[in-house]
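# Observations on the three-dimensional arrangement
Here is how the chains run, residue by residue.
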Amino acid sequence: MEVEKNYKKTQLACYLGFVTQAICANFVPLLFITFHNTYNISFGKLAAISTVFFVTQLVVDFLCAGIVDKLGYRVCVIAAEITSGLGLAGLAVLPDLLSVPFWGILVCVFIYAVGSGLTEVLVSPIVEACPFENKDTMMSLLHSFYCWGWVGVVLCSTAFFTVFGIEKWRIMALIWSVIPLYNIFNFATCPIEPLVEDGKSMTMPQLLKTKAFWIFIILMICAGSSEIAMGQWASAYAESALHVSKTVGDLAGPCGFAVCMGISRLLYGKFGEKVDLTIFMMASGVMCLMCYLVAGLANIPWVGLIGCALCGFSVGIMWPGSISISSQILPTGGTAMFALLALAGDFGGAMGPAIIGSISEKAANNLQAGVLAGIGFPIILVISVFYIRNKYR
């Protein structure tokens, strides 16, 4: 008698996988001003931390397109949790062991970025392959756990720093490393199904020759840039541009951004079957444009913080929505498609923060000037979704 597979355990492992990714992506940005003051790292170099993180993910995404199907999803996703845990734990010791702390930080970022990149490529298709109904709403719900992980990172880290002091950030890094190390067991024992039957997936050359695929690539670049550019700089933006305390800045900046993004994904996960995804994404793009304008032009701190937070709601559907649309239009895209879409999103994630950091530095470390430069991302996204809606839907 065949034992019924427990896909709820697969869900839990994938949810914690995205929580781990949220820790990897958002813990260090909370420390940007601390690194600036403690290690005398410039805003330009701080931007390089985010760039290294997302460029590393980008390279991993590209490599995954060719190796995941050969090694298997389980082996690769367990490797993701191991490298994520080791990279986070390394932050506690490596920067102070090296003569140049900046290089120690970058090494740790590189290590956990490998895990984060693997997680990004693997978790979505693992859930997509499970026998769930309403895959697009399930995908949005899955990605909401990235947001709740982000909220948890900000709230728990802020509470820890308030009680024990920001100088104890190394201990917090060790605490966060426990989650991916624990999740190794979940991925080792949960059921994982193949995404597409053997021999039926599109190859990378086939994808690259498909016009629709390139539209999805543009869409993912814009989604990654729109989301990550504001998200990565939210804490530093609140502290340096709006002149609020670190506690207020973290709670109202990145935490507000993450809560609003999570609410957006949760709402679509619950009611998405009643909403046209392309219409929702275009409306979100317009809202994102308005939020970047508010954050970039506001002279009143609370107005800027509202713009920053609501930007989270506007970008919430962009990444999972882009994946869902791609899966619907190219259902045999397989691992290669998910890997290349993640690569495109990470390219946007590397480009967006770098543009904001670079422009801010050229504008005498004025982060509002850098944030204002981000308006181009949602504009291109809206145009891309409009084209997809009229051409392929």
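See the structure shown above.
Figured I'd write up the structure that's included with this text. Per chain, residues are indexed from 1 in the order of the written sequence. Selection of residues for local features in this predicted model requires a pLDDT of at least 70, selection of side-chain atom pairs for listing and counting requires 80 or more, and totals for whole chains, interfaces and linings are taken over all residues. Working from all heavy atoms in the structure, the side-chain values ignore hydrogens and water.

This next bit is on the overall build of the chain. Each helix is a run of DSSP H or I of at least 4 residues and each strand a run of E of at least 2, with the numbering of both proceeding from the N terminus. In terms of helices and strands, the chain carries 17 helices and zero strands. With respect to the three principal axes, the spread of C-alpha positions in the chain is 60 × 45 × 35 Å. With a 1.4 Å probe rolled over the protein chains alone, any residue whose accessible area is under 20% of its type maximum counts as buried; one over 50% counts as exposed, and the rest are partly exposed. Counting across all 393 residues of the chain, residues that qualify as buried make up 59%. What makes two residues a contact is simply this: any of their non-hydrogen atoms within 4.5 Å. Contacts in the chain between residues at least 24 apart in sequence constitute 85% of all its contacts with a sequence separation of at least 6. Every accessible area reported is derived by Shrake-Rupley at a probe size of 1.4 Å, with residue values counting cover from the shown protein chains alone. Summed over all atoms, the accessible surface of the chain reaches about 15200 Å², with 70% contributed by carbon and sulfur.

Site definitions follow a grid-based scheme: protein atoms alone, a 1 Å grid, a 1.4 Å probe that fits but cannot get out for cavities, and for pockets an open set with protein on both sides within 12 Å along at least five of seven lines, plus lining residues having an atom within 4 Å of a point. Grid points are joined across faces, edges and corners, and a volume is the space filled by probe spheres set on the points. Counted according to the given criterion, the structure contains three cavities of 30 Å³ or more. Lining the largest cavity we find 14 residues, and of these Gln21, Glu120, Tyr146, Glu227 and Trp319 sit closest to its centre. Counting only elements with at least two residues in the lining of the largest cavity, the list comes to helix H1 (7–26), helix H3 (43–71), helix H7 (135–164) and helix H10 (211–241). By the convention adopted, Pro, Cys, Tyr, Trp, Phe, Met, Ile, Leu, Val and Ala count as nonpolar, Lys, Arg, Asp and Glu as charged, and the other residues, Gly among them, as polar. Looking at the lining of the largest cavity residue by residue, the class counts come to seven nonpolar, three polar and four charged.

This next bit is on the environment of Gly269. Among the structural elements, Gly269 can be located in helix H11 (residues 246–271). The class for Gly269 is buried, based on a relative accessible area of 19%. Taking the C-alpha atoms as reference points, Gly269 and Asp136, 133 residues apart in sequence, are found 7.7 Å from one another. Once residues within four sequence positions are removed from consideration, Gly269 is found in contact with Thr137, Ser140 and Leu141.

This brings us to the pattern of salt bridges. Just to be clear on terms, a salt bridge is a Lys or Arg side-chain nitrogen sitting within 4 Å of an Asp or Glu carboxyl oxygen. Under the criterion given, the structure shown has three salt bridges. Across the salt bridge formed by Arg170 and Asp96, the nearest N and O atoms sit 2.6 Å from each other. Placement of Arg170 in helix H8 (residues 169–189) and of Asp96 in helix H5 (residues 94–97) is noted, with a sequence separation of 74 residues between them. By relative accessible area, which is 41% here, Asp96 ends up partly exposed.

Turning to the nonpolar core, a few remarks are in order. In this structure, Phe27, Phe35, Ile49 and Phe187 are the most contacted members of the largest nonpolar core, which totals 126 residues. If one sorts the elements of this core by residue count, H10 sits on top with 15 residues. If near-sequence neighbours (up to four positions away) are discounted, Phe35 is found in contact with Val28, Asn40, Ile41, Leu46, Ile49, Ile105 and Trp169. Here, nonpolar core refers to any group of buried Ala, Val, Leu, Ile, Met, Phe, Trp, Tyr and Cys residues whose side-chain atoms link them within 4.5 Å.

This part covers the environment of Asp69. Inspection of the secondary structure assignment puts Asp69 in helix H3. A C-alpha to C-alpha distance of 29 Å links Asp69 and Ser50, two positions 19 residues apart in sequence.

Turning our attention to the packing of aromatic side chains. Any two of the Phe, Tyr and Trp rings considered here, Trp counted by its six-membered ring, make a pair once their centres fall within 6.5 Å; the pair's planes then place it as stacked at under 30 degrees, edge-to-face at over 60, or tilted in between. Per the stated rule, a full pass over the model turns up 11 aromatic pairs. Through a chain of ring-to-ring contacts, the aromatic side chains of Phe35, Tyr39 and Trp169 assemble into a single cluster. Only when the NZ of Lys or the CZ of Arg is both within 6 Å of the ring centre and within 35 degrees of the ring normal is a charge said to sit over the ring. Lying over the aromatic face of Phe102, Lys45 brings its terminal NZ or CZ to 5.5 Å of the ring centre.

Let us look at helix H6 (residues 101–129). Between its first and last C-alpha atoms H6 spans 42 Å; for 29 residues at 1.5 Å apiece the expected length is 42 Å, and the two agree. Taking burial as the measure, the 29 residues of H6 include 24 buried ones, the bulk of the element. Here, expected helix span is obtained from the residue count minus one, scaled by 1.5 Å.

All quantities given are derived from atomic positions and should not be read as evidence of function.
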